Amino acid sequence: MIIKKQTNFQIKLFIQIKNYYNMKKSIILTIAFISCVATVSFAQDGKYEKAMGQTMQKLSTAQSPEQFGEISNGFARIAAAEGNKWQAYYNAAYTQLISGFMSMQPDMVLAQSKVKQAMEYIEKMKTLELDNVAKSELNVLEAYCLVGKVSEDPMANGAKYTATIHELLDSALALNKNNARSLYLKGMYLYNTPTFYGGGAGPALPFLEGAQQLFLTTESTPLIINWGENESATLLTQVKAAK
């Protein structure tokens, strides 16, 4: 019985990950637009902004875990050169994490090594002086990395990390009440949590509705990859249909 529940949970998580990448064309178009605007806007602002804009633009053609990994390495080089720019570490962590999620079906060991690398970038972020907006984004991304760890063994790692995931997301919202990604990730995680552990469509719905409202009314944080809006909208549709 426990094995069956674990298998169902794992399948549901991987379906969610698969659905995320089925939306990749629309996400790429959004990133391409944001990156092109960023490149124009940052052209006169300095080397850091220009390098960030150019690296973000590469997301518009990324299709594979290897390509996302290369982009992550590019952000990491920018971060190392600047030393005190949290956005570069954030983008390096996020793209490395996405590379990890994309690697899970063929090679979970490789995927988890990428999750670990993303966490190392997050730890470097923590050594920098951060305002509340930056701390909020960091908490969401750290929670997302822990979701990646749960995907390896949902039963064992779910018990180990679920409370921390929710604490990080709650803290992110306390630091920045307009952080739509904190609500999206909380809704996504609840939706993929079995109902006998308090998850499912019902508990997830208000968080996803709140996330969608914030995505529509809140400006994005400059110089970081603006992820979550398309994914949240699609998941909200699925959750409403599942109720």
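Predicted model, so just to flag it, every value in this text is computed and none were measured. (Residues numbered from 1 in each chain as written. Predicted model: local features only at pLDDT ≥ 70, side-chain atom pairs only at ≥ 80, totals over all residues. Heavy atoms only, no water.)

Engineer: Describe the pattern of salt bridges, with residues and values.
Structural biologist: Counted by the stated rule, this structure contains 4 salt bridges. The shortest N-O distance in the salt bridge between Lys-126 and Glu-142 comes to 3.2 Å. In this pair, Lys-126 is assigned in helix H6 (residues 108-126) and Glu-142 in helix H7 (residues 132-152), connecting sequence segments 16 residues apart. Its relative accessible area of 39% is what places Lys-126 among the partly exposed residues. (Salt bridge = Lys/Arg side-chain N within 4 Å of Asp/Glu carboxyl O. Helix = DSSP H or I, 4+ residues; strand = E, 2+ residues; numbered from the N terminus. Buried < 20%, exposed > 50% of the residue type's maximum accessible area, 1.4 Å probe, protein only.)

Engineer: Give me the lowdown on the nonpolar core, citing residues and values where you can.
Structural biologist: With 70 residues, the main nonpolar core has Phe-75, Trp-86, Leu-97, Tyr-144, Ile-165, Tyr-184 and Leu-185 as its most contacted residues. The biggest single contributor to this core is helix H5 (residues 86-103), with 11 residues. Sequence-distant contacts of Ile-165, defined by excluding residues within four places in its chain, comprise Ala-143, Leu-146, Val-147, Val-150 and Tyr-189. (Core = buried A, V, L, I, M, F, W, Y, C linked by side-chain atoms within 4.5 Å. Contact = heavy atoms within 4.5 Å.)

Engineer: Quick one: what's the story with the packing of helix H8 (residues 154-175) against helix H9 (residues 180-191), residue by residue and with numbers?
Structural biologist: Contact geometry of H8 with H9 gives a least axis separation of 9 Å together with a crossing angle of 155°. In terms of orientation, H8 and H9 fall into the roughly antiparallel class. The hand of the H8/H9 crossing is left-handed. Contact residues: Gly-158, Thr-162, Ile-165, His-166, Leu-169, Asp-170, Ala-172 and Leu-173 in H8; Ser-182, Leu-183, Leu-185, Lys-186, Tyr-189 and Leu-190 in H9. Residue composition of the contact of H8 with H9, grouped by class: 8 nonpolar, 4 polar and 2 charged. (Axes fitted to C-alpha atoms, helices over the stretch in contact; angles between N-to-C directions. Parallel < 35°, antiparallel > 145°, perpendicular 65-115°, else oblique. Left-handed = near helix turned anticlockwise from the far one by under 90°. Nonpolar A, V, L, I, M, F, W, Y, C, P; charged D, E, K, R; others polar.)

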